[in-house]
Amino acid sequence: VEVDVDVDVEVDVDADNVLKLQALLTNSEDVNAQLKKEVRELRDVQKTHKRMLMASSCMEQSEQTRNKKAQTALRAMEKDLLAAQKARNDAEDAAKEAERNMQEAIKQRDDAMKRAEKEQSQARERVAAAETTASERVQSAETTATERVQSAETTASER
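Asks: I tried to follow the overall build of the protein on my own but got confused; where do I start?
Replies: For the protein, the count of helices and strands is 1 helix and 0 strands. Over its C-alpha atoms the protein spans a radius of gyration of 66 Å, topping by over 25% the 15 Å that the globule rule assigns to 159 residues. Summarising its shape, the C-alpha atoms of the protein cover approximately 215 × 45 × 15 Å along the three principal directions. Residues classed as buried in the protein amount to 0% of the 159 residues present. When the accessible surface of the protein is split by element, carbon and sulfur atoms take 54% of a total near 15,000 Å². Averaged over its 27 positive side-chain charges, the protein has a centre that lies 12 Å from the centre of its 34 negative ones.

Dropping the structure here:
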């Protein structure tokens, strides 16, 4: 089946309507250009915002890194401080021990000097006693010898 259709359309174009349509078209183009400009500006703002976010993120990471380094350094300083305090305490303990040892050595020296003085005094007494005994024996021997000489002389003269 074949159908042939002929359509004739007549359009009444009103000059006023054409001007309105042209004005709408021009206005639409202006709005479109304005929208494109605003879209470009928004994209620029987005790019700027994205750069700011990236910079902020970098700054935050940098700050976190600095904080971690500072915490690490602080922990190391705390360890050094504890080691220094322990070393100081050890040195103080060693100094106290050395003082105790020195006091003990002084006491032992003083005791030894007292013993030596006592022994020296006792030795002097023994020497003095020995000298006295020896002197007494010498006198006794002299007396005995003198008596024997006198007795011998007396005996000799009697003879």
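There is more to say after this.
Asks: When you look at the pattern of salt bridges in this model, what are you seeing that I'm missing?
Replies: Opposite charge on two side chains makes pairing possible when the charged atoms of those side chains draw close. Scanning the model with the defined rule gives 5 salt bridges in all. Residues E97 and R100 are paired through a salt bridge, measuring 2.7 Å at the closest nitrogen-oxygen approach. A residue pair is termed a helical-turn pair when its members lie 3 or 4 positions apart in one helix, as E97 and R100 do in helix α1 (residues 15–158) at 3 residues. Here E97 falls in the partly exposed class, since its relative accessible area comes to 36%. One salt bridge in this structure joins R109 and D110, with 3.0 Å as the shortest N-O distance. Residue classification places D110 among the partly exposed positions, given a relative accessible area of 30%.

Asks: So what exactly am I meant to see when it comes to the environment of E131 here?
Replies: Positionally, E131 belongs in helix α1. As for E131 and D110, which are separated by 21 residues in sequence, their C-alpha atoms are 31 Å apart.

Asks: What exactly am I supposed to notice about the environment of T133 here?
Replies: Within the secondary structure layout, T133 lies in helix α1. Linking T133 and S56, residues 77 residues apart in sequence, is a C-alpha distance of 112 Å.

Definitions and limits used
Residues numbered from 1 in each chain as written. Predicted model: local features only at pLDDT ≥ 70, side-chain atom pairs only at ≥ 80, totals over all residues. Heavy atoms only, no water. Helix = DSSP H or I, 4+ residues; strand = E, 2+ residues; numbered from the N terminus. Rg over C-alpha atoms; globule rule 2.2 N^0.38 Å. Buried < 20%, exposed > 50% of the residue type's maximum accessible area, 1.4 Å probe, protein only. Areas by Shrake-Rupley, 256 points an atom, 1.4 Å probe, with all protein chains shown as cover. Lys, Arg positive; Asp, Glu negative; His and termini not counted. Charge placed at Lys NZ, Arg CZ, Asp CG, Glu CD. Salt bridge = Lys/Arg side-chain N within 4 Å of Asp/Glu carboxyl O.

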